[in-house]
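# Geometric and topological summary
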Amino acid sequence: MILSVLGLFATFFAQPAPVPVTTYVVSILNERVSDDMVLRFVLSGPPGSYSATRDGDAILVRIAAEVLPGLSIPASRDPVRSLALGSEPGFSLRVNLAEGWTHEMVREVFSLRLIMRKRAAEGTSATPVPGLREPETAPLASPEPSPRPAADPVAADTADLYSRLFPSTTDPSGGLGTTEIGNSENWYSDFLWLGLQARPWVSVSYVDGKTTEIQSNFTTADAYWVVQPNLGLGFSPTFWGGRGGQWTINYTPRFRRQVDLNLPQLTSHFFDVGLDQPIAAAGSIYGNYHFSTGVLETEEIDPGREYGIGLNRVVDTSLERFHRNSLGLGIRFDFVADTQVDVNVSKTAVRYGNEPGDEAFQYGERAFFDYDTRTLNASLRRGFGESRFLGLLFGVHDTPTQEERKQVEGRGYSYGASFEGPITALTTGRLLFGYRTQKNPNAGAGGQEYEDITYGAQLMREISEDTTVGLGADRKLYVSAYEENGFYVVDSLRGDLSSRLPFGFFLRGNASWQNNNYKTSPQANTAAGPPILRKDQITLWTLGLARNIAQWAFLRLDYTSERRNSNLDRFDIKTRALNFQLGLGFFGKPRNAAPLSW
């Protein structure tokens, strides 16, 4: 037995034998980002060695790759005067430049970018110009694609206000997202204020939403305005003579006007602090804090979307104001060569409305409840070839005693393995597979214990220079407010499409399917029907069209449609929302995609 265990460890830590693979340069693309000119070299695999050296007014690019037969050279565009392939073995390209231009070579997953910038005149300082990035919907279940020219991160920060009308598929409490430490000047924002990287912006939206209870055919609708200012600051402190860290502070309120909904305190507030700070050559600490308070943003406290249904849907007066506080801290360090250890803990506390018995309590039975969750996650990652990693994962998920709902008290464990990195040419992602347990001793019969496989996947494919697709799937457990259930199981699948259209427009679409399964408290669907365990299927699709009208402004139109189909007909509901949005300001950089949580 001992020898078997030692053998497993030796296999895991053994350096894999390199497999010779020929890498090709499959295309060369001309791109322009703000005032910069970019030559992008798309490869059939991860880049190996490369260089870009100055030779007079020319730049000689060398890449450890072969030239794909039939490779075409793009036409020259200012400031590039001409392009010429070299005749020596391997790939080399001579780029003849106009005077007064500097260059930089940037490595990506399956490509290299030669960035050419105009040199600032003597006696002046170069002021960073805010780069526009592709509009995004709510955070995806797929890795963030390579940087795109003239893209716009606004929607990641405005969080697609239409999704604030109706709960989204995003789990805001799942996992502790980390950033990658780097020395890039503007990792947070291109706009500087008082020496800090700043993200000041404001968006104004007109929202038109409608909800229909299918069984009763009762429809409610409302249209109103949402004004959302934002102020974010980023800075890079250095301690103990090490590398600079990445710290962020962000605050945004959300004001609603001309609302007919009979709900109190519809103004919402969101405050976030994040840090990623090297503490030594081989390690760093990271963390985040999130505070939110509101009424309509139900996905903040119920990411599985049990909350916005039936008599508890978002247009009902039974909804009350919530407060959520989430804190996470972690540490990661290099254990041995190409191996990284990461341990983090997090805690979330949700307080919903007034307590039953309080003088101000007036809505009767509450739509949701107070709860606390605590998690511990540990992972061991091992490098495996170019940009590929294998990992072992362990997690503890604890929900302490809740006075209001004793059914949710419990603890669970997760065990698994992960793979992340390039999968095929132009396709990258992260795959998880494992085992999940859960015990809730105070839940109803059938829902006190759970043991099953768990999984997660994030895949991103670059179809062309302007089009990407993403796929995501996962299985998660969430605390439940339904009958005697302490938790329910959610299986979800999501697809995303992002594409640049003619005339400066961007198209973004996504579709998702979600299955919520309950383990106890069977109910009869009809008076004469047998009791059955509740099962909900939620389908949702969105379509958005956006256009930048300046480097500091954009227009966006989004439509979303959602349908909940339950085997208990009283929970069937459909919603739709139309959101027209104008954004003004400096929108910063897209945030790194967080890894999947268990």
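Because the structure is predicted, anything quoted here is derived from the model rather than measured.

## Some remarks on the overall build of the protein chain
- Within the protein chain one finds three helices and 31 strands.
- Burial statistics for the protein chain: of 598 residues in total, 49% are counted as buried.
- Nonlocal contacts in the protein chain, meaning residues at least 24 apart in sequence, comprise 63% of its contacts between residues at least 6 apart.
- Total accessible area on the protein chain is roughly 27600 Å²; 59% of this is exposed by carbon and sulfur atoms.

## Some thoughts on the pattern of salt bridges
- Tallied over the full model, the rule gives 22 salt bridges.
- Put simply, Asp-55 and Arg-94 hold a salt bridge, and the shortest N to O gap is 3.0 Å. Taken together, the residues span a long stretch of sequence, with Asp-55 in strand E3 (residues 50–55) and Arg-94 in strand E7 (residues 91–97) at a distance of 39 residues.
- With a relative accessible area of 40%, Asp-55 lands in the partly exposed category.
- Judged by relative accessible area, which is 32%, Arg-94 ranks as partly exposed.
- For Asp-208, the salt bridge identified is with Arg-576, shortest N-O distance 3.0 Å. Of the two residues, Asp-208 is situated in strand E12 (residues 201–213) and Arg-576 in strand E31 (residues 573–585); the sequence distance between them amounts to 368 residues.
- Exposure remark for Arg-576: the relative accessible area of 23% places this residue in the partly exposed category.
- When salt bridges that share partners are traced, they join Arg-254, Arg-256 and Glu-297 into one network.

## Side note on the sheet that holds strand E4 (residues 58–63)
- Here four strands make up an open sheet; going across it, the order is E3-E4-E7-E6 and the pairing antiparallel. Two strands lie at the open edges of the sheet, namely E3 and strand E6 (80–85), each paired on one side alone. Shown here is a sheet whose adjacent strand axes are inclined to one another by a mean of 20 degrees, direction ignored.
- Pairing geometry for E3 and E4, over six bridges, is antiparallel. Bridge pairing in E4 places Ala-52 opposite Val-61.

## A closer look at the sheet that holds strand E1 (residues 24–33)
- Read from one edge of the open sheet, five strands run E5-E1-E2-E9-E8, paired in mixed fashion. Two strands close off the open sheet at either side, each with one partner strand: strand E5 (66–67) and strand E8 (101–107).
- In this structure, E8 lies alongside strand E9 (residues 111–118), joined through seven bridges in antiparallel fashion. Bridge assignment links Thr-102 to a residue of E9, and that residue is Arg-117.

## Considering the pairing of strand E26 (residues 505–517)
- As paired elements, strand E25 (residues 487–500) and E26 share 12 bridges and run antiparallel to each other. Looking at E26, one finds that Val-490 is bridged to Asn-516.
- Between E25 and the antiparallel strand that follows it, E26, lie four residues; Phe-503 among them carries a positive phi value of about 65 degrees.
- Bridge count for E26 against strand E29 (residues 535–550) is 13 bridges, and the pairing is antiparallel. Along E29, the bridge assignment pairs Phe-505 with Arg-547.

## Quick look at the pairing of strand E22 (residues 427–439)
- Examined bridge by bridge, strand E21 (residues 410–424) and E22 share 13 bridges and lie antiparallel to one another. Looking at E22, one finds that Arg-411 is bridged to Lys-439.
- Turn length for the E21-E22 hairpin, with the two strands adjacent in sequence and antiparallel, is two residues, and the turn residue Leu-426 shows positive phi of about 65 degrees.
- Direction of pairing for E22 relative to strand E23 (residues 449–462): antiparallel, over a ladder of 13 bridges. When the bridges of E23 are listed, Lys-439 appears paired with Glu-449.

## Remarks on unusual backbone geometry
- Of note in the backbone geometry, Leu-194 takes a positive phi value of approximately 55 degrees without being a glycine.
- Mapped onto the secondary structure, Leu-194 falls in the loop between strand E10 (191–193) and strand E11 (196–198).
- Within the chain, Arg-305 stands out as a residue other than glycine whose phi angle is a positive 65 degrees.
- When its relative accessible area of 1% is taken as the criterion, Arg-305 is described as buried.

## With respect to the confidence of the model for the protein chain
- Overall, the predicted model of the protein chain reaches an average pLDDT of 79, with 79% of residues at or above 70.
- Note on residues 1–6: pLDDT is under 50 here. Beyond four places in sequence and across chains, it has zero contacts.

The rules behind these values
- Position numbers for residues count from 1 along each chain, tracking the sequence in the order it is written.
- Local features are withheld for residues below a pLDDT of 70 in this predicted model, meaning they are given only at 70 or higher, and side-chain atom pairs are given and counted only at 80 or more; totals for whole chains, interfaces and linings count all residues.
- By convention in this description, side-chain values take in all heavy atoms of the structure and omit both hydrogens and water.
- Note on conventions: DSSP H or I runs of at least 4 residues are helices, E runs of at least 2 residues are strands, and numbering of each starts at the N terminus.
- With a 1.4 Å probe rolled over the protein chains alone, any residue whose accessible area is under 20% of its type maximum counts as buried; one over 50% counts as exposed, and the rest are partly exposed.
- The criterion used for residue contact is that any of the two residues' heavy atoms lie within 4.5 Å.
- We get accessible surface area from the Shrake-Rupley algorithm with a probe of 1.4 Å; when it comes to residues, only the shown protein chains can shield them.
- What makes a salt bridge here is a side-chain nitrogen of Lys or Arg within 4 Å of a carboxyl oxygen of Asp or Glu, nothing more.
- By definition, two strands form a pair when at least two bridges between them are found by DSSP.
- Working convention: axes come from line fits to C-alpha atoms, limited for helices to the stretch in contact. Angles between N-to-C directions cover 0 to 180 degrees.
- pLDDT expresses how confident the predictor is about each individual residue, on a scale running from 0 to 100.

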